[in-house]
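# Observations on the model geometry
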Amino acid sequence: MLVTKPYDRERAVAYARKWAFSQNPLFADFRGIGGNCTNFVSQAVYAGSCRMNYKPIYGWYYISLNERSASWAGVDYFYNFITGNTGEGPFGEEVGLDRLEVGDVIQLGRESEGYYHTVMVVGFEEEDPLIAAQTNDAFERPLSTYEYDYARYIKILGVRFQAPSSDDCFDGVYNGTALLSDAGSTQKPPMTLPSEETPEGGTATIPEGNGGTVPQEDARTVPEGNEGGTVTIPETNENGAAGEENTPDTAEGGIGGDGQ
């Protein structure tokens, strides 16, 4: 059965502090291939939740560069997962600025390109949130120093997990040594790699309790609320590089930058 535990905001902020200016070897670096901002925030949220969601298409997980959900590194996909998640993993809602706490998430947007940048709140200077971010790395940077046209504020409300569970990933993730704890883990990644020969990017077997299949990254169905249909992630962007940040040309979750 699914039970809910608190989101550990202190751990999320501690992770952001440790890795804001360097790259955790457990995760790929998306700088130069779309931007690393949502990838970094996902890492910090994971450090505070120790729970991924391996649900195909709609989940939130990272195993490797080629085995990850769109929501792990895509701006709009991240928002859609967190605010719509009813299964395992962190969940939240869009709120007003005055409800934010440390460990919560802000996404910035421009009229010309939509939402393009994901950052984490790590403190406050009076009413100005202090930000941790990557691509242009920052820790405790005032939100007021960013240039953007609008923003949305995502409050993490808690974390759901399958009981019983003794998972505690924090030490391994914080130290860059392991994504999952060894003892008593009920959370296991897919064990079968996707096949390039199967239609729509192939499938990967999900362990018992997670159900279904995981699509490859070259084509995926857009979650409900993302205008429907299938989005094909192009192999290269304008600069000849592939990535997972948001751009208006790739229907929420394709390739784009976060250069602030």
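In what follows, the structure referred to is the one given above.
In this report, the structure presented in the accompanying data block is examined. These numbers were taken from a predicted model, which means no experiment stands behind them.

### Quick notes on the pairing of strand 6 (residues 114–125)
By the criterion of burial, strand 6 is predominantly enclosed, with 10 of the 12 residues buried. Remark: three residues form the turn of the hairpin made by strand 5 (residues 105–110) and strand 6, two consecutive strands paired antiparallel.

### A few points about the side chain of asparagine 85
Counting through the fold element by element, asparagine 85 comes out in the loop between helix 4 (75–84) and strand 4 (89–95). Classification of asparagine 85 by relative accessible area gives buried; the value is 9%. Within polar-contact distance, the side chain of asparagine 85 engages the backbone oxygen of glutamate 88 at 3.0 Å. Within polar-contact distance, the side chain of asparagine 85 engages the backbone oxygen of proline 90 at 3.0 Å.

### Quick notes on helix 4
The buried fraction of helix 4 amounts to seven of the 10 residues, a majority that puts the element mostly inside the structure. For helix 4, the set of buried residues is Val75, Asp76, Tyr77, Phe78, Tyr79, Phe81 and Ile82.

### Notes on the packing of helix 1 (residues 9–19) against helix 2 (residues 37–49)
Where helix 1 meets helix 2, the closest approach of the two axes is 7 Å, and the angle between their N-to-C directions is 140 degrees. As the angle between them shows, helix 1 and helix 2 are arranged oblique. The handedness of the crossing between helix 1 and helix 2 comes out as right-handed. Mapping the contact onto sequence places Arg11, Ala12, Tyr15, Ala16 and Trp19 in helix 1 and Phe40, Gln43, Ala44, Ala47 and Gly48 in helix 2. Grouping the amino acids of the contact of helix 1 with helix 2 by side-chain chemistry returns seven nonpolar, two polar and one charged.

### What about the pairing of strand 7 (residues 128–133)?
Strand 7 sits mainly inside the fold: six of its six residues count as buried. Of the two faces of strand 7, both are covered, the one formed by Asp128, Leu130 and Ala132 as well as the one formed by Pro129, Ile131 and Ala133. Strand direction decides the pairing type here: strand 6 and strand 7, joined by five bridges, are antiparallel. Looking at the pairing, methionine 120 lines up with alanine 132 of strand 7. Joining the antiparallel neighbours strand 6 and strand 7 is a turn of two residues, in which glutamate 126 adopts a positive phi near 60 degrees.

### Brief notes about the pattern of salt bridges
Applying the stated criterion across every chain, the model contains 12 salt bridges. The residue arginine 9 makes a salt bridge to glutamate 101 at a minimum N-O spacing of 3.6 Å. With arginine 9 in helix 1 and glutamate 101 in the loop between strand 4 and strand 5, the pair connects residues that are 92 residues apart, well separated along the chain. Glutamate 88 is the partner of arginine 51 in a salt bridge, and the nearest nitrogen-oxygen pair spans 3.1 Å. Of the two residues, arginine 51 is situated in the loop between helix 2 and strand 2 (62–64) and glutamate 88 in the loop between helix 4 and strand 4; the sequence distance between them amounts to 37 residues. Grouping residues by exposure puts arginine 51 and glutamate 88 together as buried. Counted as one network, the salt bridges with shared partners bring together Arg9, Glu101, Asp104 and Lys155.

Cut-offs and rules
Residues numbered from 1 in each chain as written. Predicted model: local features only at pLDDT ≥ 70, side-chain atom pairs only at ≥ 80, totals over all residues. Heavy atoms only, no water. Buried < 20%, exposed > 50% of the residue type's maximum accessible area, 1.4 Å probe, protein only. Helix = DSSP H or I, 4+ residues; strand = E, 2+ residues; numbered from the N terminus. Pairing = 2+ DSSP bridges. Polar contact = N/O pair within 3.5 Å; in protein donor to acceptor, adjacent residues only side chain to side chain. Axes fitted to C-alpha atoms, helices over the stretch in contact; angles between N-to-C directions. Parallel < 35°, antiparallel > 145°, perpendicular 65-115°, else oblique. Left-handed = near helix turned anticlockwise from the far one by under 90°. Contact = heavy atoms within 4.5 Å. Nonpolar A, V, L, I, M, F, W, Y, C, P; charged D, E, K, R; others polar. Salt bridge = Lys/Arg side-chain N within 4 Å of Asp/Glu carboxyl O.

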